[in-house]
Amino acid sequence: MDDKVKIRCPACTRIFREMSSRVRDEAQVNCSNCNKLITLTKETEDPFLRRALKAASEIRAAKDKAVYTAIYSTWHQP
Ligand SMILES: [Zn+2]
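About the criteria used
- Residues numbered from 1 in each chain as written.
- Predicted model: local features only at pLDDT ≥ 70, side-chain atom pairs only at ≥ 80, totals over all residues.
- Heavy atoms only, no water.
- Buried < 20%, exposed > 50% of the residue type's maximum accessible area, 1.4 Å probe, protein only.
- Helix = DSSP H or I, 4+ residues; strand = E, 2+ residues; numbered from the N terminus.
- Pairing = 2+ DSSP bridges.
- Donors = N, O, S within 2.8 Å, 3.2 Å for Na, K, Ca; no water.
- Tetrahedral: all angles 85-135°; square planar, octahedral: opposite > 155°, others 65-115°.
- Salt bridge = Lys/Arg side-chain N within 4 Å of Asp/Glu carboxyl O.
- Polar contact = N/O pair within 3.5 Å; in protein donor to acceptor, adjacent residues only side chain to side chain.
- Phe/Tyr/Trp six-rings, centres within 6.5 Å; stacked < 30°, edge-to-face > 60°.
- Lys NZ or Arg CZ within 6 Å of the ring centre and 35° of its normal.
- Core = buried A, V, L, I, M, F, W, Y, C linked by side-chain atoms within 4.5 Å.
- Contact = heavy atoms within 4.5 Å.

(A) View of the pairing of strand S1 (residues 4–8). Judged by which residues are buried, S1 turns out to be one-sided: Val5 and Ile7 face inward and are buried, whereas Lys4, Lys6 and Arg8, on the alternate face, are not. Sheet analysis places S1 next to strand S2 (residues 15–19), joined by 5 bridges and oriented antiparallel. Bridge assignment links Ile7 to a residue of S2, and that residue is Phe16. Linking S1 to S2, which pair antiparallel, is a turn of 6 residues; within it Thr13 sits at a positive phi near 65°.

(B) Spatial organisation of the coordination of the zinc ion. Distances from the zinc ion to its protein donors, Cys9 (SG), Cys12 (SG), Cys31 (SG) and Cys34 (SG), fall within 2.3 to 2.4 Å. Considering all 4 donor atoms around the zinc ion, angles at the metal cover 105 to 115° and the coordination shape is tetrahedral. Sequence positions of the donors to the zinc ion reduce to the motif C-x2-C-x18-C-x2-C.

(C) Highlighting the pattern of salt bridges. For the structure on display, the rule yields 4 salt bridges. Between Glu18 and Arg22 there is a salt bridge whose closest N-O contact spans 3.4 Å. For Arg22, a relative accessible area of 41% corresponds to the partly exposed category.

(D) Here's a closer look at the side chain of Asp3. Its place among the elements puts Asp3 in the segment before S1. Within the structure, Asp3 has its side chain in polar contact with the side chain of Lys63 (distance 3.1 Å).

(E) Expanded view of the packing of aromatic side chains. Taken as a whole and assessed by the stated rule, the structure comprises 1 aromatic pair. Between the aromatic rings of Tyr68 and Tyr72, the centroid separation amounts to 6.1 Å while the plane-to-plane angle is 15°, which identifies the pairing as stacked. Residue Tyr68 and its partner Tyr72 are located together in helix H1 (residues 47–75), separated by 4 residues, close to a single helical turn. On the accessibility criterion, Tyr68 (56% relative accessible area) is exposed. In this structure, Arg51 is placed above the aromatic ring of Phe48, and the distance from its NZ or CZ to the ring centre is 5.6 Å.

(F) Representation of the nonpolar core in the model. Of all hydrophobic cores here, the largest spans 15 residues; its most connected members are Val5, Ile7, Phe16, Val23, Val29, Ile38 and Leu40. Of all the secondary structure elements, the ones that give two or more residues to this core are S1 and H1. In terms of residue count, H1 provides more of this core than any other element does, 5 residues in total. Beyond its immediate stretch of four places on either side in the chain, Ile38 contacts Cys9, Pro10, Phe16, Ala27, Gln28, Val29, Cys31 and Leu49.

Now the structure itself:
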């Protein structure tokens, strides 16, 4: 599963990819192109950043479910 999300840098408008675990509300990431520090917040007016936060939270939810399923199936093995 691809666990990286695309982020569009508000400064240079280049798109880069960041681990979903690092993309969360109030987190900061550096643009891989211009190295600007970008603060991620749900309150942002930037639709690209909002989309990145949403995508990251969906990936984390899917991962949590996968972990739960793995543990659950282990418990039920003979
Ligand atoms: Zn940039």
